[in-house]
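So you can see what is in the structure, the chains are spelled out below.
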Amino acid sequence: MIMQVKWLKKQKTEEPENVVVQTQDNIVRGGNREIIAVTYIFMALFAGLLAYFLYFMIVSRKDVINNSYNQRQKVLAERTVRGKIYASDKTVLAETVQKNGKETRNYPFGREFCHVVGHSTEGKTGVELMENFNLLTSNDNLMTNMQKMLNGEKTIGDNVVTTLDVNLQKVAYNALGNFRGAVIVSEPKTGKVLAMVSKPDYDPNPSYLNPNWETLTKNSDDSSKLLNRATQGLYPPGSTFKMFTALEYMRQHEDYKKFSYSCVGKEVQDGYTVNCFMNHVHGVQSLKQAFANSCNSCFAYLGTQLDVKSFRKDADSWYFNTKLPTSFVNKPSSFVLNGESNKEEVMHTSMGQGKTQITPLHLNMFTSAVANGGSMMKSYVVDHLESNNGKIVRTNKPKKVATVIEETEAEKLTSFMKEVVKSGTATSLSYLSYSVAGKTGSAEYDSTKASHAWFTGFAPANDPKISVTVIVESMGTGSEYAVPIAKKIYQAYLGN
Amino acid sequence: MELILTDLSRYVIALLMGMYTYWGFMGFAAKKKTRNRIIRRQRSLMYLFHFVGHGVIYLNTGDVKILGIYICELAYFVGSQILFQKIFSEENMPLVTQIHMLFSISLSMLVRLDFDIAKRQFVYMIIGTVLAAGMPWLLKHMKNLSTDGWFYSVLGVIMLLLVMMFGTTKYGAKNWLIIGGVSLQLSEFVKVLFVLSFAGLFATESLAFKSILKMSAMAAAFVGVLVLEKDLGGALIFFICYLFMLFVATGKWSYLLEGFLAGTGASMVAYFLFGHVRTRVLAWRDPWGTIDNQGYQVAQSLFAIGTGGWFGMGLTAGLPKTVPIRESDFIFAVISEEMGAVFAICIVLIYLCCFIWMINIAMRVNDMFGKYLVVGYSVILLFQTFLTLGGVTKFIPSTGVTLPLVSYGGSSVLGTMIMFGVLMGVNVNEQRMVNDNAGQVAEETKD
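Model, not experiment: these values are computed from the prediction.

**Things to note about the overall build of chain B**
When you go through chain B residue by residue, the secondary structure sums to 16 helices and 3 strands. Relative to the 2.2 N^0.38 estimate, which gives 22 Å for 447 residues, the radius of gyration of chain B is 22 Å and therefore close to what a compact globule would have. Counting only C-alpha atoms, chain B reaches 70 × 65 × 40 Å along its principal axes. A total of 447 residues make up chain B; the buried ones form 55% of that total. Considering only contacts in chain B between residues 6 or more positions apart, those separated by 24 or more positions represent 73%.

Set out below in structure tokens:
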């Protein structure tokens with residue numbers, strides 16, 4: 001490029017008399033100076049185009065070609081044997097094996113990892129989808145690959161090493177038992193997902209999946225076995241949403257410490273009534289106590305004291321109504337309050353009912369952000385890719401996506417969540433040798449059915465190692481159904 | 001065996017193309033003798049690429065017809081080189097070499113995609129070559145080319161209007177005219193007339209504001225009709241071409257600036273008025289969300305380029321069937337898929353190389369009419385290239401124009417070859433005039 005510029009300059013100095021030409025009719029006509037300007041303008045356009053093209057090839061290409069609409073995987077699959085998927089300790093979670101001369105995909109753990117690892121024979125999901133093209137790309141030794149091609153053999157695709165912990169996954173899988181719901185366990189400081197379970201489940205092995213595919217997709221019993229509830233299930237947050245309301249109240253009211261509310265088991269405003277769970281009368285409550293006891297009346301009242309517009313703005317900054325920063329396919333959570341919402345909606349939303357919907361993954365990421373001093377990390381499950389001969393092809397590093405709350409706010413919220421365990425709705429976690437910070441929830445979605453049970457929290461509270469989010473569909477309260485599951489996971493990872 | 005050869009050919013092709021492009025740029029700095037050596041080197045690389053490309057396709061398909069067309073193409077390259085060298089002198093051989101390289105890329109890709117289309121494209125190339133060869137003669141013998149500006153522009157607008165009234169719609173734009181079974185994209189030829197008429201006007205008319213206003217109104221008529229035909233790419237090309245010609249002729253930055261502002265304003269109006277403009281913009285902003293309809297073309301194009309990677313899947317080893325309009329508007333995506341991004345970047349650089357040679361010609365012409373002609377054609381060719389490449393790679397919204405000399409299309413090849421012929425013809429005439437003057441001076445001093 002520099003050479004061309006020099007060359008142009010040379011041209012210019014060689015023929016200076018050509019720059020502006022005087023013609024017979026005494027009109028000044030432009031000439032070479034303008035032509036050089038035009039050349040530079042076009043050079044700039046093309047420089048932009050080339051820079052963009054390089055950016056596409058180096059950065060965005062990987063995500064683009066992984067799209068399920070890209071049909072070229074069939075071409076790649078004819079040349080390359082799909083790579084393996086490993087747990088963090090290199091236990092095989094998925095591999096392609098030869099069976100009677102035919103290739104088949106084998107998932108040794110069957111149902112236990114079905115949603116997070118996914119399947120690859122009936123469309124692609126999970127890690128199989130995320131890393132589809134990398135699994136079908138071979139960065140093996142060049143000579144080996146040449147030799148293979150000469151012999152007409154397939155090359156071996158790269159392997160994916162995930163962040164998943166086999167033991168933790170098993171504990172979570174068994175703890176959720178026969179309930180419908182989801183469990184996510186992650187590392188707050190890095191965003192690594194250690195375990196992810198969704199139920200009901202299915203066997204991803206082709207011997208089961210292929211013959212049962214039609215029944216699985218027909219969905220007549222609305223069990224949605226294929227849906228990964230952890231990332232795509234939208235649930236009313238119930239009382240876990242009180243984390244957000246409390247945070248917003250503290251933001252808008254500096255004197256929140258003086259706050260006191262006298263609970264009579266219900267809160268009535270403008271003819272709208274909100275009841276506490278089982279019409280329980282909590283008596284005089286500070287903000288912390290109301291949070292720990294999950295007092296609905298108090299939080300409905302708090303909602304009426306909020307500037308709804310700023311609440312909406314903050315909720316958006318907490319990743320409501322937008323795609324989550326994660327490599328998982330996910331549904332955006334929704335928070336629909338705005339300046340025009342009526343009082344009933346505000347009261348219900350503030351205590352976690354109303355139209356708000358949240359995915360377990362979102363709640364887990366937010367909980368982790370609280371544990372991590374307010375910094376939200378990108379949630380990811382692929383640690384690195386390595387070639388068949390063990391060379392590391394690409395490593396995913398922990399990535400901070402945003403400071404969603406201030407460090408002081410994180411500290412306050414943590415102390416609130418510790419109180420939940422100490423004296424509130426999750427006291428069964430207080431007998432552990434380390435302190436847990438958490439919040440329970442019982443989300444009502446249909447007055448004739450039992451509520452969804454929630455728990456989200458992290459431990460140890462002073463040096464968070466894992467954050468756990470649990471949802472159990474339509475069984476009852478968070479304390480009764482979700483907390484025991486979380487407890488088993490903490491015990492398995494951090495001891496008694 | 002074919003597999004490993006195809007696989008190896010990816011690197012060979014990228015290497016040949018890389019070397020070719022490198023020498024293309026080295027040519028600028030070189031003295032005449034070295035320049036000739038460089039061109040010989042480039043030609044060898046071109047022939048090698050042509051051989052490897054067709055060879056790989058033959059190995060994979062085993063179709064003997066490919067050997068036949070290869071020999072015909074080879075004969076054409078050798079023959080047209082001799083013809084061009086005679087008509088356009090050594091001076092223009094760098095441009096001729098680039099034309100041949102782009103042709104060989106086009107033919108290799110089209111032979112791989114669809115033999116019949118390649119055959120037709122080859123015929124168009126031959127006709128285009130003959131037309132281009134006739135241009136110096138035409139420039140020399142049609143004395144009033146520069147003075148009949150108004151006539152040519154009226155003729156151009158009438159041609160466009162004909163298309164608007166009797167044309168057929170393809171890919172959303174009504175810019176095809178079918179005469180006796182031959183479908184023509186008349187706007188490709190109107191481009192030639194457009195530049196011809198305004199080069200004449202700028203060179204002969206007064207450049208006072210009133211006169212400029214009159215000419216701009218005429219240019220606006222072209223753009224307006226094209227917009228009505230929904231040929232947005234075409235409209236944009238004419239507009240940009242006029243703007244830059246106006247700027248070069250008047251030397252006034254203010255015209256360029258005002259023109260851009262007016263253009264931006266007009267685009268906004270078009271965005272709100274026309275649904276098809278919004279569709280293109282929507283597809284550009286988020287092809288993934290609209291992948292089933294508006295975003296389909298761009299998404300498929302990006303899949304092809306992205307999956308191909310730096311060195312491509314190898315000729316015949318890709319999946320070009322998924323890319324819509326793969327022979328013409330989106331041929332760059334298909335080339336990038338099978339021959340790789342390195343190769344594709346080299347193509348972009350080759351166009352830049354062409355542009356610099358054209359500018360080189362423009363700057364050395366003393367005759368204003370010739371100068372503006374060359375500027376007009378170079379701007380059209382380069383801007384059209386920019387629109388295609390930008391659209392295919394999602395740098396800008398897709399406008400549906402062809403990649404000059406590479407995309408399949410008779411009108412496009414013929415129109416482009418006429419432009420190249422005129423460009424080089426202007427240069428040849430200039431050389432002859434300089435030589436004549438020199439001869440006169442020499443004779444005078446003799447006396």
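**Description of the confidence of the model for chain B**
With 98% of its residues at a pLDDT of 70 or more, chain B shows a mean pLDDT of 90. Both confidence scores are given for the complex: pTM 0.77, ipTM 0.93.

**Digging into the interface of chain B and chain A**
Listed by partner, the interface residues are 45 residues for chain B and 39 residues for chain A. Of all elements in the fold, only helix 1 (2-29), helix 9 (232-250), helix 12 (296-308), helix 14 (341-364) and helix 15 (368-392) of chain B reach the threshold of two or more residues within the side of chain B that touches chain A. With 10 residues, the single largest contributor to the side of chain B that touches chain A is helix 14 of chain B.

**Some remarks on helix 12 of chain B**
Compared with an ideal rise of 1.5 Å per residue, which puts 13 residues at 18 Å, helix 12 of chain B spans 18 Å between its outermost C-alpha atoms and is within 8% of the ideal. The buried fraction of helix 12 of chain B amounts to 12 of the 13 residues, a majority that puts the element mostly inside the structure. Restricting attention to buried positions, one finds in helix 12 of chain B the residues Q297(B), V298(B), A299(B), Q300(B), S301(B), L302(B), F303(B), A304(B), I305(B), G306(B), T307(B) and G308(B). Elements that come into contact with the buried residues of helix 12 of chain B comprise helix 2 (32-65) of chain A together with helix 11 (275-285), helix 13 (331-339), helix 14 and helix 15 of chain B. Just beyond helix 12 of chain B, the residue with positive phi is G309(B), at close to 70 degrees.

**Considerations on the nonpolar core**
A482(A), C241(B), M245(B) and Y372(B) are the most contacted members of the largest nonpolar core, which totals 267 residues. Looking at which element gives the most residues to this core, the answer is helix 14 of chain B, with 21 residues. Both domains that furnish three or more residues to this core are identified here as domain 1 (2-65) and domain 2 (238-494) of chain A. For C241(B), the residues in contact, after removing those within four places along its chain, are F194(B), V195(B), G376(B), V379(B), I380(B) and F383(B).

**Quick look at the domain arrangement of chain A**
Looking at chain A, the domain boundaries give domain 1 (2-65) and domain 2 (238-494). Taken over C-alpha atoms, the centre of domain 1 of chain A sits 57 Å from the centre of domain 2 of chain A.

**Points about the environment of T393(B)**
Tracing the chain through its elements places T393(B) in the loop between helix 15 and helix 16 (410-446). It is 17 Å that separates the C-alpha atoms of T393(B) and P404(B), two residues lying 11 residues apart in sequence. The contact partners of T393(B), leaving out residues within four places of it in the chain, are Y52(A), F53(A), F56(A) and I305(B).

**Quick look at the confidence of the model for chain A**
Segments scoring low in pLDDT should not have their predicted coordinates read at a detailed level. Within chain A, residue pLDDT values average 88, and 93% of them lie at 70 or more. Long-range and interchain partners of residues 1-6 of chain A, a stretch whose pLDDT sits below 50, account for 5 contacts in this model, where long-range means more than four residues apart.

**So, the sheet that holds strand 10 (residues 193-199) of chain A**
Residues and elements named next belong to chain A. The sheet built from 5 strands is open, its strands ordered 10-9-21-20-19 with antiparallel pairing. Each edge of the sheet is formed by a strand with only one pairing partner; in this case those strands are strand 10 and strand 19 (437-443). Shown here is a sheet whose adjacent strand axes are inclined to one another by a mean of 5 degrees, direction ignored. Pairing between strand 19 and strand 20 (residues 452-459): 7 bridges, direction antiparallel. Bridge assignment links G438 to a residue of strand 20, and that residue is G457. Strands strand 9 (181-186), strand 19, strand 20 and strand 21 (466-472) of the sheet are contacted by helix 18 (residues 478-494), whose axis makes an angle of about 30 degrees with strand 20.

**What about the packing of helix 4 (residues 93-113) of chain B against helix 13 of chain B?**
Residues and elements named next belong to chain B. Viewed as axis vectors pointing N to C, helix 4 and helix 13 meet at an angle of 85 degrees, and their least axial separation amounts to 11 Å. Classed by the angle they form, the pair helix 4 and helix 13 counts as roughly perpendicular. Contact residues: helix 4 offers I105, M109 and L113, while helix 13 offers I331, V334 and I335. Of the residues belonging to the contact of helix 4 with helix 13, the class tally is 6 nonpolar, no polar and no charged.

Here is what the cut-offs are and how they apply
In every chain, residue numbers begin from 1 and rise along the written sequence. A letter from A marks each chain and a number from 1 marks each ligand, given out in the order of writing. Residue-level local features of this predicted model are given only where pLDDT is at least 70; pairs of side-chain atoms are given and counted only at 80 or more, and the full residue set underlies all totals for whole chains, interfaces and linings. In this text, helices come from DSSP runs of H or I with a minimum length of four residues, and strands from runs of E with a minimum of two, each type numbered from the N-terminal end. Within these notes, the globule rule equals 2.2 Å times the number of residues to the 0.38 power, and the radius of gyration is based on C-alpha atoms. The exposure label follows from counting other C-beta atoms within 10 Å of a residue's C-beta, where the C-beta atoms are placed from the backbone and the thresholds are 20 or more for buried and 12 or fewer for exposed, leaving partly exposed in between. C-beta atoms are placed from the backbone for every residue, and two residues are taken to be in contact when these atoms lie within 7 Å. As a per-residue measure, pLDDT reflects the predictor's confidence and takes values from 0 up to 100. Here a helix's expected span is defined as the number of its residues, less one, multiplied by 1.5 Å. Working definition: the nonpolar core is a set of buried Ala, Val, Leu, Ile, Met, Phe, Trp, Tyr and Cys residues, joined through C-beta atoms within 7 Å. Residue ranges labeled as domains rest on an automatic or database domain assignment. When DSSP finds two or more bridges between a pair of strands, those strands are recorded as paired. What counts as an axis is a line fitted to C-alpha atoms, over the stretch in contact for a helix, and the angles between N-to-C directions run from 0 to 180 degrees. An angle below 35 degrees is treated as roughly parallel, one above 145 as roughly antiparallel, one from 65 to 115 as roughly perpendicular, and anything else as oblique. In this classification, the charged set is Asp, Glu, Lys and Arg, the nonpolar set is Ala, Val, Leu, Ile, Met, Phe, Trp, Tyr, Cys and Pro, and all remaining amino acids, among them Gly, are polar.

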